[in-house]
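The primary structure of each chain is shown beneath.
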Amino acid sequence: MVRKQHNASLKGYNSFGIDTTADLLVEWESVADLVEFLHTEGKALFGGQWDILGSGCNTLLTGPYRGTLLHSVAKGISIVSDTPEGVLIRAEAGHTWDDVVAWSCAQGLWGIENLSAIPSSVGASAVQNIGAYGVEAKDCIESVEVLHVDTLTVGLIKGSDCAFGYRESIFKSALKGKVIITAVNYLLSRTPAPKLGYGSLQEEVAKLGEITPQAIRQAITTIRNGKLPDPEVVGNAGSFFKNPILPRTQVEALKAEHPTMPIYEVEGRPECLKIATGWMIDSLGWKGRSLGRAGVHDKQALVLVNLGGAEGCEVVALAERICKEVKNKFGVDISPEVNIL
Ligand code: EPU
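Quantities reported herein were computed from a predicted structural model and do not represent experimental measurements.

Explanation requested: the domain arrangement of the chain in the structure shown.
Many analyses report the size of an interface as the accessible area lost when the parts associate. Splitting the chain by domain gives domain 1 (2–72), domain 2 (77–226) and domain 3 (229–340). Each of domain 1 and domain 3 was reduced to a C-alpha centroid, and the two centroids are 29 Å apart. Domain 1 puts ten residues into the contact, and the matching count from domain 3 is 18 residues. In this assembly, domain 1 packs against domain 3 so that about 1100 Å² is buried in total across both faces, 58% of it on carbon and sulfur atoms. Its largest share of buried area at the contact with domain 3, domain 1 owes to Phe16, Asn58 and Leu60, together 60% of the area lost on that side. Counting across the interface, domain 1 meets domain 3 through five residue pairs in polar contact (both at pLDDT 80 or more). For the side of domain 1 that touches domain 3, a count of residues per class yields five nonpolar, five polar and no charged.

What follows is the structure, encoded as structure tokens:
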């Protein structure tokens, strides 16, 4: 089924809890429904302003959306194949990401347990290449099923062709506006492969006495719940900014000036290092402070929050102020991880 709503309220469709509208919101339950709908209405729709709204957990809405938002409510997870080489699972684009992780951990499958408790959808896991605790979605994405908007034909893009990078993918660049993700296939494993190297994860897992996907999921959920606000209680979109990846020489100079600044190696890019934006914002004293009805979370400075009734432009104003101060103090440009619509 396809559900069309004109002048649709988006309050329940974005984790920042911004109260705004879209001229048209189209929700689709299956690829067949979507294709049928687009055969009749696609020309007008794609001729105007349109975008895809995933779970709205990584989106900041800045005003009434003057166009059509396409939103998948397609749900479902299945095992495609189960061999000694790996277990291939398929999830529909609209499935809640954390439900996929919960399901795979319950099956004893390894691969995405470190990505527990990330508010997202399956489609967005590929667009955004979501990542946490030393794992990125790309590590397990075998392929992405898409609908090409110009031909309304389905296609399959191999994970290795998705140009995945840190919070980047081909769906944010060359294929933006050209395809709609309909499902993602993840290659998981029954062979234990714990990745416990990040931060306090090892310690937290040790408290549970066993190393299973379930235990790691539990440990990560505990860590995240301690630092990140629940969007049901305080509107937010997780990390608001990316961590900049800079030339090693620039980072070494920054480190010399700010010895406590955390720095990280970047896989496959030995000439660069990654620095922690949360640490820079924190050191500017922004943690727990606010501007208008937008604020900086008091336990994680990378997270901007809606203190109640904020409009998107108030969050943008806060973000711009922080960017300017980071630039002044550290000489570094930071950019949003969140998609601003
Ligand atoms: N830090 C501070 N003060 C703060 C925040 C961080 O000093 O207010 C320091 C921490 O102590 C640590 C470093 O900065 O030394 C990095 O902080 P943290 O480990 O909390 O991770 P992050 O870099 O802030 C990234 C991801 C998160 C992910 C965590 C854990 C990005 C943009 N964010 O955050 O992802 O959960 O690592 O892997 O890469 C998300 O994308 O929405 C998200 C939550």
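So what exactly am I meant to see when it comes to the site of the ligand here?
Taken together, 23 residues sit near the ligand, with Tyr133, Tyr166, Tyr198, Asp282 and Ala301 positioned nearest. In the model, an oxygen atom of the ligand is placed 2.9 Å from a nitrogen or oxygen of the Arg167 side chain. Taking Tyr198, its side chain carries an N or O atom lying 2.8 Å from an oxygen atom of the ligand. Look at the ligand: alone it shows 810 Å² of surface, and the protein chains cover 82% of it. Among the elements of the structure, strand E8 (131–132), helix H5 (213–227), strand E13 (235–239) and helix H7 (277–283) are those that each provide at least two residues to the shell around the ligand. Per element, the largest residue contribution to the shell around the ligand is three residues, and it comes from H7.

What counts as what
- Residues numbered from 1 in each chain as written.
- Predicted model: local features only at pLDDT ≥ 70, side-chain atom pairs only at ≥ 80, totals over all residues.
- Heavy atoms only, no water.
- Domains from an automatic or database assignment.
- Contact = heavy atoms within 4.5 Å.
- Buried area = accessible area lost by both parts, 1.4 Å probe.
- Polar contact = N/O pair within 3.5 Å; in protein donor to acceptor, adjacent residues only side chain to side chain.
- Nonpolar A, V, L, I, M, F, W, Y, C, P; charged D, E, K, R; others polar.
- Near = heavy atom within 4 Å.
- Areas by Shrake-Rupley, 256 points an atom, 1.4 Å probe, with all protein chains shown as cover.
- Helix = DSSP H or I, 4+ residues; strand = E, 2+ residues; numbered from the N terminus.

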